[in-house]
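Examining the three-dimensional arrangement
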Amino acid sequence: MQKLIQRVQKANSLLCVGLDPVGDDAQVARRLADVIDQTHEFAAAFKPNLAFFLSRENGVQLLRETVQRIPQDIPVILDGKFGDIASTAEHYARFAYDVVGADAVTVNPYMGDDAVRPFVREGKLVFVLAKTSNKSQYSMQNMALTRGGSLAHGVATVACRLDAEIGGIGLVVGATYPEALADVREICPEQWFLVPGVGAQGGDLAATLRAGLRPDGAGLLINTSRALWQAEDAAVTARDLVAQMRELRAVGV
Ligand SMILES: O=c1ccn([C@@H]2O[C@H](COP(=O)(O)O)[C@@H](O)[C@H]2O)c(=O)[nH]1
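Treat the numbers as computed from the prediction; the structure is a model and nothing was measured.

With respect to the site of the ligand
The environment of the ligand is made up of 19 residues, and the closest members are Thr 132, Ser 133, Pro 196, Ser 225 and Arg 226. Of the residues contributing to the shell around the ligand, the split by class is 4 nonpolar, 12 polar and 3 charged.

See below:
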(Lines give C-alpha, C1' and ligand atoms only; values in the text may rest on other atoms or scores of the structure.)
Protein backbone atom coordinates (compact mmCIF):
# COMPACT_ATOMS: atom_id res chain seq x y z
CA MET A 1 0.00 0.00 0.00
CA GLN A 2 2.80 2.37 0.99
CA LYS A 3 4.67 1.55 -2.22
CA LEU A 4 1.55 2.32 -4.26
CA ILE A 5 0.86 5.62 -2.52
CA GLN A 6 4.47 6.72 -2.93
CA ARG A 7 4.51 5.76 -6.58
CA VAL A 8 1.21 7.53 -7.36
CA GLN A 9 2.59 10.69 -5.77
CA LYS A 10 6.01 10.48 -7.38
CA ALA A 11 4.69 9.82 -10.90
CA ASN A 12 1.63 12.06 -10.38
CA SER A 13 -0.24 9.33 -12.19
CA LEU A 14 -3.10 6.88 -11.75
CA LEU A 15 -2.15 4.89 -14.85
CA CYS A 16 -1.81 1.13 -14.55
CA VAL A 17 0.02 -0.23 -17.57
CA GLY A 18 -1.54 -3.56 -18.50
CA LEU A 19 0.75 -6.21 -19.99
CA ASP A 20 -1.27 -8.66 -22.09
CA PRO A 21 1.43 -9.88 -24.46
CA VAL A 22 0.42 -11.34 -27.82
CA GLY A 23 2.63 -12.36 -30.74
CA ASP A 24 5.41 -14.87 -31.33
CA ASP A 25 8.00 -15.48 -28.61
CA ALA A 26 10.75 -13.28 -30.02
CA GLN A 27 8.37 -10.39 -30.74
CA VAL A 28 6.75 -10.67 -27.35
CA ALA A 29 9.94 -10.48 -25.33
CA ARG A 30 11.06 -7.43 -27.31
CA ARG A 31 7.68 -5.71 -27.12
CA LEU A 32 7.35 -6.33 -23.37
CA ALA A 33 10.73 -4.71 -22.83
CA ASP A 34 9.79 -1.77 -25.07
CA VAL A 35 6.41 -1.17 -23.44
CA ILE A 36 7.95 -1.25 -19.95
CA ASP A 37 10.86 1.00 -20.92
CA GLN A 38 8.65 3.48 -22.77
CA THR A 39 5.86 3.73 -20.21
CA HIS A 40 7.40 3.29 -16.74
CA GLU A 41 7.93 7.01 -16.32
CA PHE A 42 4.14 7.46 -16.47
CA ALA A 43 3.09 4.31 -14.63
CA ALA A 44 1.61 4.17 -11.15
CA ALA A 45 1.58 0.37 -11.50
CA PHE A 46 1.99 -2.46 -14.00
CA LYS A 47 -0.52 -5.28 -14.39
CA PRO A 48 0.67 -8.40 -16.19
CA ASN A 49 -2.24 -10.71 -16.92
CA LEU A 50 -1.22 -14.25 -15.97
CA ALA A 51 -3.19 -15.97 -18.75
CA PHE A 52 -1.16 -14.24 -21.46
CA PHE A 53 2.04 -15.69 -19.97
CA LEU A 54 0.78 -19.17 -19.09
CA SER A 55 -0.44 -19.66 -22.65
CA ARG A 56 3.16 -19.83 -23.90
CA GLU A 57 5.98 -22.25 -23.21
CA ASN A 58 8.35 -20.82 -20.60
CA GLY A 59 5.59 -18.38 -19.69
CA VAL A 60 6.46 -18.33 -16.00
CA GLN A 61 10.09 -17.53 -16.82
CA LEU A 62 8.97 -14.75 -19.16
CA LEU A 63 6.70 -13.38 -16.43
CA ARG A 64 9.54 -13.38 -13.89
CA GLU A 65 11.84 -11.59 -16.33
CA THR A 66 9.08 -9.09 -17.10
CA VAL A 67 8.59 -8.30 -13.42
CA GLN A 68 12.34 -7.97 -12.94
CA ARG A 69 12.51 -5.39 -15.72
CA ILE A 70 9.95 -3.14 -14.03
CA PRO A 71 11.65 -0.51 -11.82
CA GLN A 72 11.46 -1.62 -8.20
CA ASP A 73 9.53 1.38 -6.92
CA ILE A 74 6.58 0.61 -9.22
CA PRO A 75 4.01 -1.87 -7.86
CA VAL A 76 3.25 -4.96 -9.93
CA ILE A 77 -0.27 -6.37 -9.83
CA LEU A 78 -0.45 -9.97 -11.00
CA ASP A 79 -3.87 -10.28 -12.62
CA GLY A 80 -4.55 -13.98 -12.03
CA LYS A 81 -8.15 -13.72 -10.78
CA PHE A 82 -7.28 -16.45 -8.30
CA GLY A 83 -10.11 -18.02 -6.29
CA ASP A 84 -9.95 -21.40 -4.57
CA ILE A 85 -10.23 -22.80 -1.05
CA ALA A 86 -7.67 -21.54 1.46
CA SER A 87 -5.26 -24.50 1.32
CA THR A 88 -4.98 -24.09 -2.46
CA ALA A 89 -5.06 -20.29 -2.36
CA GLU A 90 -1.94 -20.38 -0.17
CA HIS A 91 -0.07 -21.94 -3.08
CA TYR A 92 -1.34 -19.32 -5.50
CA ALA A 93 -0.21 -16.65 -3.05
CA ARG A 94 3.27 -18.19 -2.83
CA PHE A 95 3.42 -18.32 -6.61
CA ALA A 96 2.36 -14.68 -7.03
CA TYR A 97 4.52 -13.17 -4.32
CA ASP A 98 7.51 -15.52 -3.93
CA VAL A 99 7.94 -16.97 -7.43
CA VAL A 100 6.80 -14.05 -9.56
CA GLY A 101 7.63 -11.20 -7.17
CA ALA A 102 4.27 -9.39 -7.46
CA ASP A 103 3.17 -6.73 -4.98
CA ALA A 104 -0.53 -7.30 -5.51
CA VAL A 105 -2.97 -9.78 -7.03
CA THR A 106 -6.51 -9.98 -8.30
CA VAL A 107 -8.79 -12.50 -6.62
CA ASN A 108 -12.23 -13.85 -7.50
CA PRO A 109 -14.19 -13.87 -4.22
CA TYR A 110 -16.95 -16.24 -5.37
CA MET A 111 -15.84 -18.96 -2.93
CA GLY A 112 -15.94 -16.64 0.05
CA ASP A 113 -13.42 -14.90 2.24
CA ASP A 114 -11.25 -18.00 2.81
CA ALA A 115 -10.38 -17.70 -0.89
CA VAL A 116 -9.16 -14.15 -0.26
CA ARG A 117 -7.45 -14.23 3.15
CA PRO A 118 -4.37 -16.29 2.13
CA PHE A 119 -3.33 -13.48 -0.22
CA VAL A 120 -3.24 -10.89 2.55
CA ARG A 121 0.37 -10.29 3.58
CA GLU A 122 2.29 -7.39 5.00
CA GLY A 123 2.98 -4.91 2.20
CA LYS A 124 0.75 -6.67 -0.35
CA LEU A 125 -2.58 -5.59 -1.82
CA VAL A 126 -5.43 -7.88 -2.88
CA PHE A 127 -7.88 -6.59 -5.47
CA VAL A 128 -11.18 -8.43 -5.17
CA LEU A 129 -13.38 -8.61 -8.28
CA ALA A 130 -16.52 -6.65 -7.41
CA LYS A 131 -18.01 -5.19 -10.60
CA THR A 132 -16.19 -6.30 -13.71
CA SER A 133 -15.96 -4.48 -17.03
CA ASN A 134 -17.27 -7.20 -19.33
CA LYS A 135 -20.72 -7.10 -20.94
CA SER A 136 -22.12 -10.31 -19.47
CA GLN A 137 -21.14 -9.48 -15.88
CA TYR A 138 -24.76 -8.43 -15.25
CA SER A 139 -25.97 -12.07 -15.38
CA MET A 140 -24.15 -12.68 -12.08
CA GLN A 141 -23.32 -9.33 -10.60
CA ASN A 142 -26.74 -7.68 -10.99
CA MET A 143 -28.48 -10.51 -9.12
CA ALA A 144 -30.66 -9.04 -6.39
CA LEU A 145 -29.82 -9.94 -2.82
CA THR A 146 -32.68 -10.71 -0.44
CA ARG A 147 -31.40 -8.00 1.91
CA GLY A 148 -31.40 -5.47 -0.97
CA GLY A 149 -28.80 -4.34 -3.50
CA SER A 150 -27.02 -6.50 -6.05
CA LEU A 151 -24.43 -9.23 -5.73
CA ALA A 152 -21.78 -6.66 -6.73
CA HIS A 153 -22.91 -4.42 -3.86
CA GLY A 154 -22.75 -7.40 -1.51
CA VAL A 155 -19.22 -8.25 -2.62
CA ALA A 156 -18.16 -4.63 -2.14
CA THR A 157 -19.64 -4.61 1.36
CA VAL A 158 -17.82 -7.82 2.30
CA ALA A 159 -14.56 -6.59 0.73
CA CYS A 160 -14.40 -3.35 2.66
CA ARG A 161 -15.47 -5.09 5.85
CA LEU A 162 -12.57 -7.50 5.33
CA ASP A 163 -10.26 -4.55 4.69
CA ALA A 164 -11.33 -3.01 7.99
CA GLU A 165 -10.61 -6.33 9.72
CA ILE A 166 -7.28 -7.36 8.20
CA GLY A 167 -6.25 -4.57 5.77
CA GLY A 168 -4.70 -4.88 2.35
CA ILE A 169 -7.92 -5.23 0.35
CA GLY A 170 -8.84 -3.25 -2.77
CA LEU A 171 -11.52 -3.87 -5.39
CA VAL A 172 -11.70 -4.39 -9.15
CA VAL A 173 -14.40 -2.20 -10.63
CA GLY A 174 -14.72 -1.78 -14.40
CA ALA A 175 -14.64 1.60 -16.13
CA THR A 176 -17.44 0.56 -18.46
CA TYR A 177 -20.22 1.12 -15.88
CA PRO A 178 -19.52 4.49 -14.23
CA GLU A 179 -22.82 4.50 -12.33
CA ALA A 180 -21.97 1.15 -10.79
CA LEU A 181 -18.50 2.50 -10.00
CA ALA A 182 -20.10 5.41 -8.14
CA ASP A 183 -22.27 2.95 -6.17
CA VAL A 184 -19.24 0.88 -5.17
CA ARG A 185 -17.36 4.04 -4.17
CA GLU A 186 -20.26 4.92 -1.90
CA ILE A 187 -20.03 1.49 -0.25
CA CYS A 188 -16.21 1.57 -0.06
CA PRO A 189 -15.20 5.22 0.32
CA GLU A 190 -11.56 4.59 1.25
CA GLN A 191 -10.31 1.56 -0.67
CA TRP A 192 -8.16 1.49 -3.80
CA PHE A 193 -9.97 0.38 -6.95
CA LEU A 194 -8.24 -1.24 -9.91
CA VAL A 195 -10.27 -0.03 -12.88
CA PRO A 196 -9.89 -1.84 -16.22
CA GLY A 197 -11.89 -0.91 -19.30
CA VAL A 198 -10.41 2.36 -20.55
CA GLY A 199 -9.00 1.93 -24.07
CA ALA A 200 -10.05 -1.12 -26.07
CA GLN A 201 -13.25 -1.63 -24.06
CA GLY A 202 -14.37 1.96 -24.54
CA GLY A 203 -14.65 3.13 -20.92
CA ASP A 204 -14.84 6.90 -20.56
CA LEU A 205 -11.93 8.34 -18.57
CA ALA A 206 -13.68 11.50 -17.34
CA ALA A 207 -16.81 9.60 -16.29
CA THR A 208 -14.64 7.03 -14.53
CA LEU A 209 -12.71 9.62 -12.54
CA ARG A 210 -15.90 11.50 -11.71
CA ALA A 211 -17.52 8.33 -10.41
CA GLY A 212 -14.63 6.81 -8.54
CA LEU A 213 -12.02 9.32 -7.38
CA ARG A 214 -11.79 9.84 -3.64
CA PRO A 215 -11.90 13.40 -2.32
CA ASP A 216 -8.08 13.30 -2.05
CA GLY A 217 -7.88 12.81 -5.85
CA ALA A 218 -6.57 9.25 -5.52
CA GLY A 219 -7.98 5.76 -4.90
CA LEU A 220 -8.13 4.66 -8.54
CA LEU A 221 -5.70 2.80 -10.74
CA ILE A 222 -6.87 3.14 -14.31
CA ASN A 223 -5.69 0.15 -16.33
CA THR A 224 -5.23 0.01 -20.06
CA SER A 225 -3.62 -2.94 -21.83
CA ARG A 226 -4.28 -3.40 -25.57
CA ALA A 227 -4.27 0.35 -26.23
CA LEU A 228 -0.64 0.44 -25.07
CA TRP A 229 0.47 -2.91 -26.48
CA GLN A 230 -0.80 -1.95 -29.93
CA ALA A 231 0.23 1.69 -29.81
CA GLU A 232 2.67 2.94 -32.42
CA ASP A 233 4.37 4.86 -29.63
CA ALA A 234 3.43 3.54 -26.19
CA ALA A 235 5.21 6.45 -24.49
CA VAL A 236 3.01 8.99 -26.27
CA THR A 237 -0.18 7.05 -25.53
CA ALA A 238 0.75 6.70 -21.84
CA ARG A 239 1.85 10.32 -21.57
CA ASP A 240 -1.41 11.55 -23.14
CA LEU A 241 -3.54 9.42 -20.85
CA VAL A 242 -1.68 10.65 -17.78
CA ALA A 243 -1.95 14.27 -18.99
CA GLN A 244 -5.73 13.86 -19.28
CA MET A 245 -5.89 12.32 -15.81
CA ARG A 246 -3.85 15.16 -14.31
CA GLU A 247 -6.07 17.76 -15.96
CA LEU A 248 -9.27 16.08 -14.80
CA ARG A 249 -7.94 15.63 -11.26
CA ALA A 250 -6.81 19.26 -11.17
CA VAL A 251 -10.27 20.59 -12.03
CA GLY A 252 -11.83 18.13 -9.60
CA VAL A 253 -13.66 16.42 -12.52
O1 LIG B 1 -13.27 -6.49 -14.91
C2 LIG B 1 -12.19 -6.73 -15.45
C3 LIG B 1 -11.14 -7.33 -14.79
C4 LIG B 1 -9.96 -7.50 -15.44
N5 LIG B 1 -9.81 -7.13 -16.74
C6 LIG B 1 -8.48 -7.32 -17.36
O7 LIG B 1 -7.93 -6.03 -17.62
C8 LIG B 1 -7.29 -6.00 -18.89
C9 LIG B 1 -8.04 -5.08 -19.82
O10 LIG B 1 -7.42 -5.04 -21.08
P11 LIG B 1 -7.78 -3.95 -22.21
O12 LIG B 1 -6.96 -4.38 -23.37
O13 LIG B 1 -7.39 -2.60 -21.70
O14 LIG B 1 -9.24 -4.06 -22.47
C15 LIG B 1 -7.26 -7.46 -19.35
O16 LIG B 1 -6.08 -8.06 -18.84
C17 LIG B 1 -8.48 -8.07 -18.67
O18 LIG B 1 -8.34 -9.46 -18.45
C19 LIG B 1 -10.86 -6.55 -17.40
O20 LIG B 1 -10.77 -6.18 -18.58
N21 LIG B 1 -12.02 -6.37 -16.74
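What about the sheet that holds strand 7 (residues 193-196)?
An order of 2-1-8-7-6-5-4-3 is seen for the 8 strands of this open sheet, with the pairing classed as parallel. Across the chains shown, the open sheet's two edge strands, defined by having one partner strand only, are strand 2 (45-48) and strand 3 (77-82). Between one strand axis and the next, the sheet turns by 30 degrees as a mean value, whatever way the strands run. As judged from the 3 bridges shared by strand 1 (residues 15-19) and strand 8 (residues 220-224), these two strands associate in the parallel manner. Bridging across to strand 8, Val 17 finds its partner in Thr 224.

Here we look at the nonpolar core
It is characteristic of soluble globular proteins that their nonpolar side chains tend to be buried jointly. By size, the foremost hydrophobic cluster in this structure holds 77 residues, and its most contacted members are Leu 15, Val 128, Ala 130 and Leu 171. Setting aside residues up to four positions removed in sequence, Val 128 forms contacts with Val 107, Pro 109, Val 116, Val 155, Ala 159, Ile 169, Leu 171 and Val 172.

Brief notes about unusual backbone geometry
A positive phi angle is found at Asn 12, which is not glycine, with a value near 50 degrees. Residue placement: Asn 12 occurs in the loop between helix 1 (2-11) and strand 1.

A short note on the UniProt feature "domain: Orotidine 5'-phosphate decarboxylase" (unreviewed entry) in the chain
With numbering aligned to this structure, UniProt lists the feature "domain: Orotidine 5'-phosphate decarboxylase" (unreviewed entry) at residues 14-241. Between the end C-alpha atoms of residues 14-241 the distance is 9 Å, and the span holds 42% helix and 18% strand.

Description of the packing of helix 7 (residues 151-166) against helix 8 (residues 178-187)
Contact geometry of helix 7 with helix 8 gives a least axis separation of 9 Å together with a crossing angle of 35 degrees. Our pair here, helix 7 against helix 8, has a crossing hand that is right-handed. Contacts between helix 7 and helix 8 pair Ala 152, His 153, Ala 156, Thr 157 and Cys 160 from the former with Ala 180, Asp 183, Val 184 and Ile 187 from the latter. Of the residues contributing to the contact of helix 7 with helix 8, the split by class is 6 nonpolar, 2 polar and 1 charged.

Description of the environment of Arg 69
Among the secondary structure elements, Arg 69 is positioned in helix 4 (residues 59-69). By C-beta crowding, Arg 69 is classed as partly exposed, having 14 other C-beta atoms within 10 Å. Excluding residues that lie within four positions of it along the chain, Arg 69 makes contacts with Ala 33 and Ile 36.

Quick notes on the packing of helix 9 (residues 205-212) against helix 11 (residues 234-250)
Between helix 9 and helix 11, whose axes approach to 10 Å, the crossing angle comes to 45 degrees. Considering their axes alone, helix 9 and helix 11 lie oblique with respect to each other. Helix 9 and helix 11 meet at a crossing whose hand is right-handed. In this structure, helix 9 contributes Leu 205, Ala 206 and Leu 209 to the contact, and helix 11 contributes Gln 244, Met 245, Leu 248 and Arg 249. Across the contact of helix 9 with helix 11, the residue classes tally to 5 nonpolar, 1 polar and 1 charged.

Some remarks on the environment of Phe 95
Along the chain, Phe 95 turns up in helix 5 (residues 86-100). Distance from Phe 95 to Val 60, taken between C-alpha atoms, is 9.9 Å for residues 35 residues apart in sequence.

Regarding the pairing of strand 6 (residues 169-173)
Successive side chains on a regular strand alternate, one facing one side of the sheet and the next facing the other. In terms of burial, strand 6 is a largely internal element, 5 of the 5 residues being buried. Residues Ile 169, Leu 171 and Val 173 of strand 6 are buried on one face, and the alternating residues Gly 170 and Val 172, pointing to the opposite face, are buried as well. Here strand 5 (residues 125-131) pairs with strand 6 via 5 bridges, running parallel. In the sheet register, Phe 127 faces strand 6, and the bridge partner there is Gly 170. Of the pairings in the sheet, the one linking strand 6 to strand 7 comprises 2 bridges and is parallel in character. Bridged to Leu 171 within strand 7 is Phe 193. For the crossover from strand 6 across helix 8 to strand 7, the handedness is right-handed.

Conventions we followed
- Residues numbered from 1 in each chain as written.
- Predicted model: local features only at pLDDT ≥ 70, side-chain atom pairs only at ≥ 80, totals over all residues.
- Near = placed C-beta within 6 Å.
- Nonpolar A, V, L, I, M, F, W, Y, C, P; charged D, E, K, R; others polar.
- Pairing = 2+ DSSP bridges.
- Helix = DSSP H or I, 4+ residues; strand = E, 2+ residues; numbered from the N terminus.
- Axes fitted to C-alpha atoms, helices over the stretch in contact; angles between N-to-C directions.
- Core = buried A, V, L, I, M, F, W, Y, C linked by C-beta atoms within 7 Å.
- Buried ≥ 20, exposed ≤ 12 C-beta atoms within 10 Å, placed from the backbone.
- Contact = placed C-beta atoms within 7 Å.
- UniProt positions renumbered as here; feature names shortened; annotations may be inferred.
- Left-handed = near helix turned anticlockwise from the far one by under 90°.
- Parallel < 35°, antiparallel > 145°, perpendicular 65-115°, else oblique.
- Right-handed = clockwise from strand over helix to strand, strands pointing away.

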